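Breakdown of the fold
Residues per chain, in single letters:
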Amino acid sequence: MAKWLVIAEELIESDAAGPQPRIRLVKDLGEQTPERARLRLHEEAGRYKPDSFNGATPVACRDGDHSVLLVATDRKWHPPCVVRLVERA
């Protein structure tokens, strides 16, 4: 069985150079089947709250490549966050 990681790709506002990408480990899933890992991805994405949302409630949207796009629900613009499943070597 493969080992899996759940990661989040966020854009973080910085003063000097504008938004900077940041990749953060959300959860180390360990050894799982690909199907079980995808189910766990959706569970972890539902619990994850990006720092860049500043307290806004996230809504999870599934993407075609089995990733999850998180968008904020308030009226202010927040950079989106993508939560992905990555196979660990």
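Below is a short write-up of the structure. On a predicted model such as this, the values are computed, not experimentally measured, just so you know.

1. A closer look at a nonpolar patch on the surface
- A surface patch of nonpolar side chains, amounting to about 180 Å² of accessible area, comprises Val59, Leu69 and Val71.
- By the secondary structure assignment, valine 59 is in strand E3 (residues 58–62).

2. Observations regarding the pairing of E3
- Pairing analysis gives five bridges linking E3 to strand E4 (residues 68–72), with the strands arranged antiparallel. Note that in E4 the partner of arginine 62 across the bridge is valine 68.
- Counting the residues in the hairpin turn of E3 and E4 gives five residues, including histidine 66, whose phi is positive at 70 degrees.

3. A closer look at the side chain of arginine 40
- In this structure, arginine 40 sits in helix H1 (residues 34–47).
- In this view, arginine 40 contacts Lys27, Leu29 and Gln32; residues no more than four positions away in its chain are not counted.

4. A short note on the nonpolar core
- Core analysis: the biggest nonpolar cluster contains 15 residues, and Tyr48, Val68, Leu70, Cys81 and Val83 have the highest contact counts within it.
- Elements supplying a minimum of two residues to this core: strand E1 (2–12), H1, E4 and strand E5 (81–88).
- The leading source of residues in this core is E1, at four residues.
- If we skip the residues at most four places from it in the chain, cysteine 81 touches Ala8, Glu9, Glu10, Tyr48, Pro50, Val68, Leu69 and Leu70.

5. Brief notes about the sheet that holds E1
- The strand order E2-E1-E5-E4-E3 describes an open sheet built from five strands, whose pairing is antiparallel. In this open sheet, the two strands that pair with only one neighbour each are strand E2 (20–32) and E3. For this sheet, the mean inter-axis angle between neighbouring strands, taken without regard to orientation, is 25 degrees.
- Across seven bridges, the pairing between E1 and E5 is antiparallel. In the strand pairing of E5, lysine 3 is matched with arginine 88.
- Here H1 sits on the sheet in contact with E1, E2, E3, E4 and E5, set at roughly 135 degrees to E2.

Conventions adopted
Residues numbered from 1 in each chain as written. Predicted model: local features only at pLDDT ≥ 70, side-chain atom pairs only at ≥ 80, totals over all residues. Heavy atoms only, no water. Patch = residues over 30% accessible without salt bridge, like charges linked within 9 Å, V, L, I, M, F, W, Y side chains within 5 Å. Areas by Shrake-Rupley, 256 points an atom, 1.4 Å probe, with all protein chains shown as cover. Salt bridge = Lys/Arg side-chain N within 4 Å of Asp/Glu carboxyl O. Helix = DSSP H or I, 4+ residues; strand = E, 2+ residues; numbered from the N terminus. Pairing = 2+ DSSP bridges. Contact = heavy atoms within 4.5 Å. Core = buried A, V, L, I, M, F, W, Y, C linked by side-chain atoms within 4.5 Å. Buried < 20%, exposed > 50% of the residue type's maximum accessible area, 1.4 Å probe, protein only. Axes fitted to C-alpha atoms, helices over the stretch in contact; angles between N-to-C directions.

The values reported here are purely geometric and, on their own, carry no functional implication.
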